Amino acid sequence: MAQTFKILVLPGDGIGPEVMAEAVKVLKAFETSGRKFELRQELIGGCSIDATGKTVTDEVKQAALDSDAVLFAAVGGPKWDNQRRGLDGPEGGLLQLRKAMDIYANLRPCSSTSPSVSIAKEFSPFRQDVIEGVDFVVVRENCGGAYFGRKVEEETYAMDEWGYSEAEIQRVTRLSAEVALRHDPPWPVISLDKANVLASSRLWRRVVDKTMATEYPQVKLVHQLADSASLILATNPRSLNGVILADNTFGDMISDQAGSICGTLGVLPSASLNGLPEDKTLKTRPYGLYEPTHGSAPTIAGQNIANPVAMILCVALMFRYSLNMEAEAQRVEDAVRKVLDSGSRTPDLGGKAGTIEVGDAIISAL
Ligand SMILES: NC(=O)c1ccc[n+]([C@@H]2O[C@H](COP(=O)([O-])OP(=O)(O)OC[C@H]3O[C@@H](n4cnc5c(N)ncnc54)[C@H](O)[C@@H]3O)[C@@H](O)[C@H]2O)c1
Ligand SMILES: CC(C)[C@H](C(=O)O)[C@@H](O)C(=O)O
Ligand SMILES: [Mg+2]
């Protein structure tokens, strides 16, 4: 009997449906007589608010928990900006889903050996000698901090509680160290915080220090203030090579900044996980939600010009982390590299190709 993987597909808003269509085409190309993908497509974000009154329904959250993996594209847009925000707004649908799945670590790779950065030599706004050899992965805490703390939102005052518990910091620190250990020799862990100002950062630094010293003494740990990390990323990004561990807010910011190395966010995928596949403490394979780093890019939606590469590389990450299909993950990454090298690129990379054309070219190159 064929092995069947249940995949929840969440295209969302803006360019989401366009880039998701290409990713699904790539996924389908990997069906064989021995392997099937059972796809269930659902609403999330603004389109879900319009159809159901909720940014994500309980059924969709349950479907995520019942799936082998979730492919998510993007949510939000000006249509909903002045209606509802926070957990009830379009972006809140994604936040609620991250929380429901407890996918506490968001891995956002940016490597000059990956297809995303290999094209940077021609398109990046950076000088080639500055970005040559850049190789890091941001491990962003994904379920806590300012995103999920108590909120006050009044006419003339607003507050977001930016709190972390020891346990929340410990688990993401462990996962970042495990990512570091996947490399030989192990990568350093570079932990970002604002311990010079924020109480939550001081706890962050203490817990990271203790966890690394007691459980991962073989992994080098560096603390870097988050604001200066931003400067370093813009001046000497290679010196951040390794695992960049950051809380929810700093991780969000530094991973968007990584897009500047490639010159576009349209090529950076990410994996949100509640553990690595080799984690023995998990009863099942980890939950995985695969989402590009970019958003719904409303100004370019509906024109067949959005770059589908980030979403397609999410399929590769899903193969790697959720479906035990490493060889297939590499085939997707190789095909993307080949197509970008051939010059078939969307306008954000200076090309003239359409979303569909790039998707088709990647399938032909598999
Ligand atoms: N994960 C998500 O769903 C997510 C992430 C970020 C922003 N958003 C939402 O998206 C909306 C727009 O936000 P924003 O403009 O700050 O960020 P954005 O990532 O949507 O766009 C930033 C810039 O990158 C470009 N861009 C992004 N993805 C691209 C792609 N695949 N191909 C080509 N160009 C691409 C856009 O045109 C824009 O110039 C907002 O409603 C925001 O809340 C959603
Ligand atoms: C849309 C928004 C909730 C989201 C975040 O801030 O986490 C996005 O910016 C991201 O980086 O995935
Ligand atoms: Mg972001």
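Structural data are supplied above this passage.
Figured I'd write up the structure that's included with this text. In this text, all values refer to a predicted model and were calculated from it rather than measured experimentally. (Residues numbered from 1 in each chain as written. Chains lettered and ligands numbered in written order. Predicted model: local features only at pLDDT ≥ 70, side-chain atom pairs only at ≥ 80, totals over all residues. Heavy atoms only, no water.)

1. Quick word on the packing of helix α9 (residues 166-181) against helix α10 (residues 199-215)
Now for step 1: Put simply, α9 and α10 touch, their axes get as near as 9 Å, and they point 50 degrees apart. When the interaxial angle is binned, α9 and α10 end up oblique. For the pair α9 and α10, the crossing hand works out as right-handed. Of the residues in α10, those in contact with E166, I169, Q170, V172, T173, R174 and A177 of α9 are L203, W204, V207, V208, T211, M212 and E215.
Now for step 2: Grouping the amino acids of the contact of α9 with α10 by side-chain chemistry returns eight nonpolar, three polar and three charged. (Axes fitted to C-alpha atoms, helices over the stretch in contact; angles between N-to-C directions. Helix = DSSP H or I, 4+ residues; strand = E, 2+ residues; numbered from the N terminus. Parallel < 35°, antiparallel > 145°, perpendicular 65-115°, else oblique. Left-handed = near helix turned anticlockwise from the far one by under 90°. Contact = heavy atoms within 4.5 Å. Nonpolar A, V, L, I, M, F, W, Y, C, P; charged D, E, K, R; others polar.)

2. A look at the layout of surface pockets
Now for step 1: Quantified by volume, the second largest pocket comes out at close to 340 Å³.
Now for step 2: L94, R98, T293, H294 and G295 are the residues nearest the centre of the second largest pocket, which is lined by 20 residues in total.
Now for step 3: For the lining of the second largest pocket, the secondary-structure elements that each account for two or more residues are β3 (69-74), α5 (90-101) and α12 (248-262).
Now for step 4: In terms of residue count, the dominant contributor to the lining of the second largest pocket is α5 (four residues).
Now for step 5: Looking at the lining of the second largest pocket residue by residue, the classes come out as nine nonpolar, four polar and seven charged.
Now for step 6: Three or more residues apiece are contributed to the lining of the second largest pocket by two domains, here domain 1 (1-104 + 279-366) and domain 2 (125-262). (1 Å grid on protein atoms, 1.4 Å probe; cavity = no way out; pocket = protein on both sides within 12 Å on 5 of 7 lines; lining within 4 Å. Points joined across faces, edges and corners; volume = space filled by probe spheres on them. Domains from an automatic or database assignment.)

3. Regarding the site of ligand 1
Now for step 1: In the vicinity of ligand 1, 19 residues are found, and the nearest of them are V75, E91, G295, A297 and N307.
Now for step 2: Backbone polar atom of G77 to an oxygen atom of ligand 1: 3.2 Å apart, as the coordinates give it.
Now for step 3: Measuring from an oxygen atom of ligand 1, one finds a backbone N or O atom of S296 at 3.1 Å.
Now for step 4: In isolation ligand 1 offers 800 Å² of accessible surface; the protein chains occlude 67% of this area.
Now for step 5: For the shell around ligand 1, the secondary structure elements donating two or more residues are β3 and α5. (Near = heavy atom within 4 Å. Polar contact = N/O pair within 3.5 Å; in protein donor to acceptor, adjacent residues only side chain to side chain. Areas by Shrake-Rupley, 256 points an atom, 1.4 Å probe, with all protein chains shown as cover.)

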